[in-house]
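Summary of the model geometry
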Amino acid sequence: GNSVTQMEGPVTLSEEAFLTINCTYTATGYPSLFWYVQYPGEGLQLLLKATKADDKGSNKGFEATYRKETTSFHLEKGSVQVSDSAVYFCALELGGYNKLIFGAGTRLAVHP
Amino acid sequence: NAGVTQTPKFRILKIGQSMTLQCTQDMNHNYMYWYRQDPGMGLKLIYYSVGAGITDKGEVPNGYNVSRSTTEDFPLRLELAAPSQTSVYFCASAAPGNQPQHFGDGTRLSIL
């Protein structure tokens, strides 16, 4: 079946460090891929998305490239800030009606 | 902008009690969703709706019911609360056409 696998957290970084959060997927077709972010006590917010192979989604300094050959959608940021501390979810949409399948989430903690 | 509003924010129930989690959106979105988020897990889809009068099961529908009498409202009903339903519940909405989902802030439900 369709599924999303993310690297386990927590990921702990110092401010201005480089961030990578790995995400791979299994899908029977050609999904759209998303990264959502959840700040403490809040609902999820869309961070970025990509709808086809080789697309790059970007927002707020975060980037992810849809790699069909490796079925991956890794999230990267060149220089993290304390305000980036949150839980990050990778998700895929396949089969219509915008239904999402989520990974387990990766908690990021950034220290000054 | 209100977006997606969920009530209540917190609730404690006794085993066997029933309750309704409320969700309303003011963006005129056709699609609405209910998810549950268990600790260390991603979100799991409970039910979804593609328009007023139309609902369908998601991945984990057992123990829940929904209705969609208006575009704005999508309540989730627990008839006989069980400890396994202790979770954080999120409602979301989306416009058709691969648009992102917009989430409420969640309802934290404990069943004792």
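The following paragraphs examine the structure supplied in this document.

Turning next to the overall build of chain B. A count of helices and strands for chain B gives 0 helices and 11 strands. Listing the helices and strands of chain B from first to last along the sequence gives β-β-β-β-β-β-β-β-β-β-β. Taking 2.2 N^0.38 as the reference for a compact globule, 112 residues should give roughly 13 Å; the C-alpha atoms of chain B span a radius of gyration of 13 Å, in line with that estimate. With the principal axes as the frame, chain B shows a C-alpha extent of 40 × 25 × 25 Å.

Helix and strand content of chain A: 0 helices and 12 strands. Secondary structure elements in chain A, listed N-terminal to C-terminal, are β-β-β-β-β-β-β-β-β-β-β-β. Its C-alpha atoms give chain A principal-axis dimensions of roughly 40 × 30 × 20 Å. In chain A, which comprises 112 residues, the share counted as buried stands at 44%. Here the contacts in chain A between residues at least 6 apart in sequence split such that 55% fall between residues at least 24 apart. Carbon and sulfur atoms make up 48% of the accessible area of chain A, which totals about 5300 Å². Charged side chains in chain A number 9 positive and 11 negative. The centres of these two groups are separated by 7 Å.

Looking along a regular strand, one sees side chains alternate from face to face of the sheet. Residues and elements named next belong to chain A. Of the two faces of strand β2 (residues 11–14), the one lined by Val11 and Leu13 is fully buried and the one lined by Thr12 and Ser14 carries no buried residue. Sheet analysis places β2 next to strand β12 (residues 106–111), joined by 4 bridges and oriented parallel. Bridged to Leu13 within β12 is Val110.

Moving on, we come to the pattern of salt bridges. Residues and elements named next belong to chain A. Summed over the entire model, instances satisfying the criterion amount to 6 salt bridges over all chains. A salt bridge links Asp84 to Lys77, with the nearest nitrogen and oxygen atoms 2.7 Å apart. Of the two residues examined, Asp84 and Lys77, each falls in the buried class.

All told, the structure shown has 13 aromatic pairs over all chains when counted by the stated rule. On the basis of an interplanar angle of 35° and a centroid distance of 6.1 Å, the ring pair of A:Tyr97 and B:Tyr48 is categorised as tilted. With A:Tyr97 in the loop between β10 (86–93) and β11 (100–102) and B:Tyr48 in strand β5 (residues 43–51), this pair bridges two chains. For A:Tyr97, a relative accessible area of 41% corresponds to the partly exposed category. Residue B:Tyr48 is classed as buried on the basis of its relative accessible area of 7%. Here the aromatic rings of A:Phe102 and B:Phe103 are separated by 6.4 Å at their centres, their planes lie at 70°, and the arrangement is edge-to-face.

Another point: the sheet that holds strand β7 (residues 64–66) of chain B. Residue and element names in this part refer to chain B. Judged by pairing direction, the sheet is antiparallel, and its 4 strands sit side by side in the order β1-β3-β8-β7 without closing on themselves. This sheet does not close on itself; its edge strands, each paired only once, are β1 (4–7) and β7. Put simply, the sheet's adjacent strands are angled 20° from each other on average, direction ignored.

Reading the values: the criteria
Residues numbered from 1 in each chain as written. Chains lettered and ligands numbered in written order. Predicted model: local features only at pLDDT ≥ 70, side-chain atom pairs only at ≥ 80, totals over all residues. Heavy atoms only, no water. Helix = DSSP H or I, 4+ residues; strand = E, 2+ residues; numbered from the N terminus. Rg over C-alpha atoms; globule rule 2.2 N^0.38 Å. Buried < 20%, exposed > 50% of the residue type's maximum accessible area, 1.4 Å probe, protein only. Contact = heavy atoms within 4.5 Å. Areas by Shrake-Rupley, 256 points an atom, 1.4 Å probe, with all protein chains shown as cover. Lys, Arg positive; Asp, Glu negative; His and termini not counted. Charge placed at Lys NZ, Arg CZ, Asp CG, Glu CD. Pairing = 2+ DSSP bridges. Salt bridge = Lys/Arg side-chain N within 4 Å of Asp/Glu carboxyl O. Phe/Tyr/Trp six-rings, centres within 6.5 Å; stacked < 30°, edge-to-face > 60°. Axes fitted to C-alpha atoms, helices over the stretch in contact; angles between N-to-C directions.

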